[in-house]
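Examination of the molecular architecture
Single-letter residue listing:
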Amino acid sequence: MKLMLFSVYMIVAVPSILSRAVKASSCVCDLKNSEPPFPLEKLQNVEKAATKCTESITSKQMLEVDALLLGVTHRLRQLEQDVSVLERDDDGDLYGAVSLRIIEIELAEILESVKKLNNISLGHQSLASNTLKDLQAMTAEMEELERFDHTRVVSKQRENQRLKRELTECRDELQATPLPPTPEPGHCPQGHLVNVTGPKTNTGMEYGTSYPYGAWGQDANPPAGKENWFWLVALTSSNVYANYIREYSSLSSLIAGVKVGDVVIASSNPTTNTIQGPNVVMYGDALYYGCYNSHSICRFNMTQRAVTTVSLPKDSGFNNKFPFCHLQACYVYTDLDLATDESGVWVMYTSPDNFGNVIIRKVEAGSPPALGRTWNTSLHKRTATNTFMACGVLYATRYLDKETEEIFYSFDTVTGQERYDLHIHIKKPYTNIQSLNYSPRDRMLYVYSDAYLLTYNVIFE
């Protein structure tokens, strides 16, 4: 009996209290632990609070503030320029009134953005204060829990978790595959296009609705001093030809119809070097367009007033042989579609040898321009209404109805992947889109739609 009691006593941890009682032939041992139990529930509450704290602060919240600050800064610079233009060009009549109204609208939008920024900042300050209190409370709880950890259970668990992490990192390093090669210039690190919102800008031209075909936008690679300029080309002859480019010093000047001037390419229209078709772009202070009555690309230097050309393959379609179309109509003389993106200038065209499917060709900027690499696609050109490039990816649109255009197709020039399942809708205030082009500077689509000028925001992954 005494031996049994001694053995039991050796197993029990000090400072427990052992009492014994003898009842007939049995021995009863009562173990009374003087230490309080480990508060596991408190530990679980601290873990929940830590998880909630982590989820309440995200990088998206920080990026939202940065984006708003950037937007307000940009709008303030634009407002300052518009005020300077008004002070310089105010005629005391209609132009001054229109310009002042535009400035009032811009100022109201800026004030709204500042108000939103202030609200977000106040919210972040409150969140930071609450988070600090939560962290202090969790610290106090953890210090209290440490006092219960006599058997070092929690600390050993932490050590085991640390060793597991280090082992996992080591294994991953040993098994890691080499990093993929750096993507070719023009490939979007942020992913593919996933949505289009707008229209943001919706304005008519000073011409009225006389010229339903044309194009407009900003220089994708502007020279110094022209960073905020806009250009406009209206096909003033038979909806096919144009012989001059109209320039504006700002968007508000364009809306008000106050031009810097017209840059004339040719004295008559149409003739040699005339612009043919609406799919034209500006890059590096030069206009790229389809040459008159030719399968060539023309480059017009805005400063030197000189035209240089580069020829596409002889079987390339031109003179309305392979236009963009939908079931109800075709867009005339859209055989060549010029486009710009982060990496420069592109051209889309087709030929009988490629069965009328779209061919993508890189255009190397220079005087004269040169042709770079070629990609063949399975997209039949007449099934699309427009194409544009963004980050080295070709996107194509099609006509759904009078209110909706759809980006339905893409071709990635880096991976070679084709997709026909994009289903990205563009809301149209007008029936037709004669031209559209992506601007890498502000990530917007510039659209010419039945003589109206529209812009849309482009959203990437």
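Below or above, wherever it landed, is the structure these notes cover.

Definitions and cut-offs
Residues numbered from 1 in each chain as written. Predicted model: local features only at pLDDT ≥ 70, side-chain atom pairs only at ≥ 80, totals over all residues. Heavy atoms only, no water. Helix = DSSP H or I, 4+ residues; strand = E, 2+ residues; numbered from the N terminus. Contact = heavy atoms within 4.5 Å. Areas by Shrake-Rupley, 256 points an atom, 1.4 Å probe, with all protein chains shown as cover. Salt bridge = Lys/Arg side-chain N within 4 Å of Asp/Glu carboxyl O. Buried < 20%, exposed > 50% of the residue type's maximum accessible area, 1.4 Å probe, protein only. Disulfide = S-S within 2.5 Å. Pairing = 2+ DSSP bridges. Axes fitted to C-alpha atoms, helices over the stretch in contact; angles between N-to-C directions. Core = buried A, V, L, I, M, F, W, Y, C linked by side-chain atoms within 4.5 Å.

So, about the overall build of the chain. When its secondary structure is counted, the chain shows six helices and 27 strands. Within the chain, counting contacts between residues at least 6 apart in sequence, those at least 24 apart form 53% of the total. Accessible area for the chain stands at about 24,900 Å²; split by element, carbon and sulfur atoms hold 54% of it.

The final tally for this structure, using the stated rule, is nine salt bridges. Among the ionic pairs, Arg101 bridges to Glu104, the shortest N-O distance being 3.4 Å. Of this pair, Arg101 and Glu104 both sit in helix α4 (residues 94-148), three residues apart, which is roughly one turn of that helix. With its nearest N and O atoms 2.7 Å apart, the salt bridge here joins Arg398 to Glu406. Glu406 sits in the buried class, given a relative accessible area of 4%. One salt-bridge network, in which partners are shared between bridges, spans Glu206, Arg246, Lys259 and Asp262.

Before going further, it helps to spend a moment on the state of the cysteines. Two cysteines form a disulfide when their sulfur atoms are joined by a covalent bond. Evaluated as defined, the whole model comprises two disulfides. Each sulfur of the disulfide joining Cys325 and Cys330 lies 1.9 Å from the other. One disulfide, between Cys325 and Cys330, carries an S-S torsion of 100 degrees and so falls in the right-handed class. Take Cys325: its relative accessible area is 4%, and that puts it in the buried class. What makes Cys330 partly exposed here is its relative accessible area of 33%.

Strand order in this open sheet of four strands is β16-β17-β18-β19, and the pairing throughout is antiparallel. The outermost strands of the open sheet, each flanked by one partner alone, are β16 (337-341) and β19 (370-380). Each strand axis lies, on average, 25 degrees off the axis of its neighbour in the sheet, ignoring direction. Relative to strand β17 (residues 344-349), β16 is paired through five bridges, and the arrangement is antiparallel. Paired with Leu338 across the strands is Val347, a residue of β17.

The next subject is the nonpolar core. Judged by nonpolar contacts, the single largest core of 34 residues is most densely connected at Val233, Ile245, Ile275 and Leu287. Within the residue set of this core, elements represented by two or more residues are β5 (230-234), β11 (286-290), β12 (296-301), β17, β18 (357-364), β19, β21 (393-401) and β22 (404-412). For this core, the leading source of residues is β22, giving three residues. Val233 has contacts with Gly214, Ala215, Ala242, Tyr244, Ile245, Ile275, Val280, Leu287 and Tyr448, leaving out every residue within four places of it along the chain. The next biggest cluster of nonpolar side chains, apart from the first, holds 20 residues, and it includes Val196, Ile407, Ile426 and Ile433.

Another point: the pairing of β21. Where strand β20 (residues 386-390) lies against β21, five bridges are found, and the strand directions are antiparallel. Directly across from Thr387, in β21, lies its bridge partner Ala396. Where β20 folds back onto β21 in an antiparallel hairpin, the turn is made up of two residues, including Cys391, whose phi is positive at roughly 60 degrees. Where β21 and β22 come together, eight bridges link them in antiparallel fashion. From the neighbouring strand, Val393 faces β22, where its bridge partner is Asp412. Two successive antiparallel strands, β21 and β22, enclose a turn made up of two residues.

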